[in-house]
Amino acid sequence: MIRITEVAPRDGLQNEPTPIAVAQKVRLVELLHPTRVDEIEVSSFVSPKWVPQLADASEVFDAIAASKPEGMVYSALVPNQKGMDNALATNDRAGFKLIDKVTVFTSATEGFARKNTNATIAETIERFRPVVRAAQQNSLQTRAYISSVIKCPVDGDVEPAQVATVTQMLLDIGIDEIDPGDTIGAATPDNIGPMLEAVIETLGNDRMSDITLHLHDTFGLAAPCVRVALDLGIRSYDGSVAGLGGCPYASTPGKRAPGNIATEVLLNTIESAGYTTRVDRPALDRAAAFAASIVETTRA
Ligand code: HMG
Ligand code: MG
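Residues numbered from 1 in each chain as written. Chains lettered and ligands numbered in written order. Predicted model: local features only at pLDDT ≥ 70, side-chain atom pairs only at ≥ 80, totals over all residues. Heavy atoms only, no water.

## Notes on the coordination of the magnesium ion (ligand 2)
Link 1 in the chain: The protein atoms that coordinate the magnesium ion (ligand 2) are Asp11 (OD), His214 (NE2) and His216 (NE2), at distances of 2.1 to 2.2 Å.
Link 2 in the chain: On the primary sequence, the residues serving as donors to the magnesium ion (ligand 2) are separated as D-x202-H-x1-H. In this pair, Asp11 sits in helix α1 (residues 8-12) while His214 sits in strand β9 (residues 213-215), placing the two residues 203 residues apart along the sequence.
Link 3 in the chain: The buried category is assigned to His214, whose relative accessible area is 4%. (Donors = N, O, S within 2.8 Å, 3.2 Å for Na, K, Ca; no water. Helix = DSSP H or I, 4+ residues; strand = E, 2+ residues; numbered from the N terminus. Buried < 20%, exposed > 50% of the residue type's maximum accessible area, 1.4 Å probe, protein only.)

## Observations regarding the site of ligand 1
Link 1 in the chain: In the vicinity of ligand 1 lie 26 residues, with Gln14, Asn80, Asn118, Ser147 and Thr183 positioned nearest.
Link 2 in the chain: At 3.2 Å, a backbone N or O of Val46 approaches a nitrogen atom of ligand 1.
Link 3 in the chain: At a separation of 2.8 Å, a nitrogen atom of ligand 1 approaches a polar side-chain atom of Asn80.
Link 4 in the chain: For ligand 1, whose unbound accessible area comes to 1,100 Å², protein coverage reaches 74%.
Link 5 in the chain: In this structure the site holding ligand 1 corresponds to the largest pocket.
Link 6 in the chain: Secondary structure elements with two or more residues in the shell around ligand 1: α1, α4 (81-94), α5 (110-117) and β5 (141-147).
Link 7 in the chain: The class makeup of the residues in the shell around ligand 1 is nine nonpolar, 12 polar and five charged. (Near = heavy atom within 4 Å. Polar contact = N/O pair within 3.5 Å; in protein donor to acceptor, adjacent residues only side chain to side chain. Areas by Shrake-Rupley, 256 points an atom, 1.4 Å probe, with all protein chains shown as cover. 1 Å grid on protein atoms, 1.4 Å probe; cavity = no way out; pocket = protein on both sides within 12 Å on 5 of 7 lines; lining within 4 Å. Sits in = over half its atoms within 2 Å of the grid points. Nonpolar A, V, L, I, M, F, W, Y, C, P; charged D, E, K, R; others polar.)

## Here's the deal with the side chain of Asp238
Link 1 in the chain: Structurally, Asp238 is set in strand β10 (residues 236-239).
Link 2 in the chain: Among the polar contacts listed, one links the side chain of Asp238 to the side chain of Arg143, at a separation of 3.4 Å.
Link 3 in the chain: Here Asp238 is in contact with Thr5, Val7, Arg143, Tyr145, Asp179, Thr212, Leu213, His214, Ile261 and Leu266, once residues within four sequence places are set aside. (Contact = heavy atoms within 4.5 Å.)

## A short note on the layout of surface pockets
Link 1 in the chain: Approximately 980 Å³ is the volume attributed to the largest pocket.
Link 2 in the chain: Lining the largest pocket are 44 residues, and of these Gln14, Val46, Val51, Phe105 and Asn116 sit closest to its centre.
Link 3 in the chain: Where the lining of the largest pocket is concerned, the elements lending two or more residues are α1, α3 (57-64), α4, α5 and β5.
Link 4 in the chain: Here the lining of the largest pocket gets four residues from one element, more than from any other, and that element is α5.
Link 5 in the chain: Residues that form the lining of the largest pocket fall into these classes: 19 nonpolar, 19 polar and six charged. (Points joined across faces, edges and corners; volume = space filled by probe spheres on them.)

## Comments concerning the pairing of β5
Link 1 in the chain: Here β5 lies mainly inside the structure; six of its seven residues are buried.
Link 2 in the chain: By the bridge criterion, seven bridges tie strand β4 (residues 101-107) to β5 in an arrangement that is parallel. Counted as the bridge partner of Thr106 is Ile146 from β5.
Link 3 in the chain: As paired elements, β5 and strand β8 (residues 177-182) share four bridges and run parallel to each other. Counted as the bridge partner of Ile146 is Pro180 from β8. (Pairing = 2+ DSSP bridges.)

## A word on the sheet that holds β10
Sheet strands line up and pair through hydrogen bonds in the backbone, either parallel or antiparallel.
Link 1 in the chain: With respect to topology, eight strands assemble into a closed barrel ordered β1-β2-β3-β4-β5-β8-β9-β10, the strand pairing being parallel. Between one strand axis and the next, the sheet turns by 25° as a mean value, whatever way the strands run.
Link 2 in the chain: Pairing analysis gives four bridges linking strand β1 (residues 3-6) to β10, with the strands arranged parallel. Directly across from Thr5, in β10, lies its bridge partner Asp238. (Axes fitted to C-alpha atoms, helices over the stretch in contact; angles between N-to-C directions.)

Spelled out as structure tokens, the structure:
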């Protein structure tokens, strides 16, 4: 059984230039419930100056609290203590563990760490220490994204050893799950294997289930990369309905790059390779149609 995390409400929407109403974000999450994806990455508790589109994270979580399905994992991005405080306050208001998992994020490269978080890689790790401690105290799971694992929009090509080093730094502070991110969609069936092997070797074979793969589909190569990852034993993937989430660093004026691998494409790829998921296809198609419509409305 392959695990799927739906990231459209976060990665899919975070770069949309015009505000999307809380009600539409809530509707998207609620349409994702019947898809039976394993996890929904709902939003980010980051600086509203850096990501204005997700400044409403608390409101969105408050609004979906009543409809959270049994067994569903909700996660949120948290870059530092302040973000963690906001996530914990959200759970306090709900009166139960509404947010099950907090996800920190750094980079395999110094250039992207600086651009995305105004910090060195080492500084991001120091920010995560108290976040992980608080997560453990509150029985929340932790995940860490490592961005730019194949190519960095600032620093260029990335060696698998760099990804291994950052993976080890994250394991050393107690992160549960590692999520290598191909931020600009530079992965190919040739270069994804060595990167994943470096991550697998760092975690050890007994922790294969703690690896999730996050692909962007900028050049249409995400599906063949998933096939390579499946062969290597990766059993957890991020997808974004309707392929929402075009990376601004991969776009040119007037032409937006395709976004995250579409969850529909991910599902096709997984099923055609002979694996199963919990996902309900018709429900996924309904969620994808709605997701596309709110982005189109916003763009119009
Ligand atoms: P900074 O400006 O260096 O932070 O940003 P600071 O600590 O100096 O604080 C500056 C101001 O931000 C202060 O407010 C803080 O209170 C506030 P002021 O006094 O000026 O009014 N602040 C916050 N507000 C709300 N929530 C917070 C928070 N922290 C500080 N958590 C920081 C550093 C990390 C906060 C900033 O760089 C940031 O928020 N970055 C987020 C960038 C981001 O979300 N990027 C997208 C997600 S990563 C991604 O998409 C890649 C991924 O998909 C994987 C892949 O594809 O590779 C995950
Ligand atoms: Mg991403």
